[in-house]
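# Structural overview for review
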Amino acid sequence: LAAIKKEFSENGIVFLKDFLNVKDYNNLKKKIIHLDYKREEELMNHSLSSACFDKELIDEVVDFLNALIGGEFRVKAYSLKHRNYQLLLNEKNKTEFIFDFTPSWNNGFGGLICYKDDDGNMLKILSCENSLAIVHPFRMCRYIQYVNHYSGKRKRHFILGEIC
């Protein structure tokens, strides 16, 4: 944990692959995929599906984040498919985490979570199943890339949390 804290404090990002053991991950993935996703559409801002859920569902993740950073958490699950996106949010300096549940997502499909600063510098969080990315995007705003037609009928599922 000390090495992860050091990495996060120095670079503002930590990417952890194979975060949960396979059994716990598969149980959680099944629950996340079957949440009651609601379509949200505001054409000048976003088009996607999301679901609220009880944070207790991701206790292991929350416990880890509390040990690493502390604070209060707001979480939401997302299900992205062709034509989904979220334009640039003008909220800077919020620490966020992304827990990815998508197997075999080709990053060329879009749907990546990206951060951009005023100078055009970018940070892309690539999709990787059972990974936890923790990001403190200093002076950067988040957006979700447009999911293009190459995704076909595939969906991308992830949890996006904000640490207050």
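The following refers to the structure shown. (Residues numbered from 1 in each chain as written. Predicted model: local features only at pLDDT ≥ 70, side-chain atom pairs only at ≥ 80, totals over all residues. Heavy atoms only, no water.)

### Quick word on the environment of Gly161
In plain terms, the rule: Only runs of H or I of at least four residues qualify as helices and only runs of E of at least two qualify as strands under DSSP, and these elements are numbered from the N terminus. Contact definition: two residues touch when any of their heavy atoms are within 4.5 Å.
Structurally, Gly161 is set in strand E11 (residues 156–163). As a C-alpha pair, Gly161 and Arg74 span 87 residues in sequence and 5.5 Å in three-dimensional space. Every residue in contact with Gly161, bar those within four places of it in the chain, is listed here: Arg74, Val75, Thr95, Glu96 and Phe97.

### What about the pattern of salt bridges?
Pairing between side chains of opposite charge can happen when the charged atoms of each approach one another. Put simply, the rule reads: Throughout this description, the term salt bridge denotes a Lys or Arg side-chain nitrogen within 4 Å of a carboxyl oxygen of Asp or Glu.
A full pass over the atoms with the stated rule returns nine salt bridges. With its nearest N and O atoms 2.0 Å apart, the salt bridge here joins Glu162 to Arg74. In this pair, Glu162 is assigned in strand E11 and Arg74 in strand E4 (residues 73–80), connecting sequence segments 88 residues apart. Across the salt bridge formed by Glu162 and Lys94, the nearest N and O atoms sit 3.5 Å from each other. Separated by 68 residues along the polypeptide, Glu162 in strand E11 and Lys94 in the loop between strand E5 (85–86) and strand E6 (95–100) bring together distant segments of the chain. Connected through shared salt-bridge partners, Arg74, Lys94 and Glu162 make up one network.

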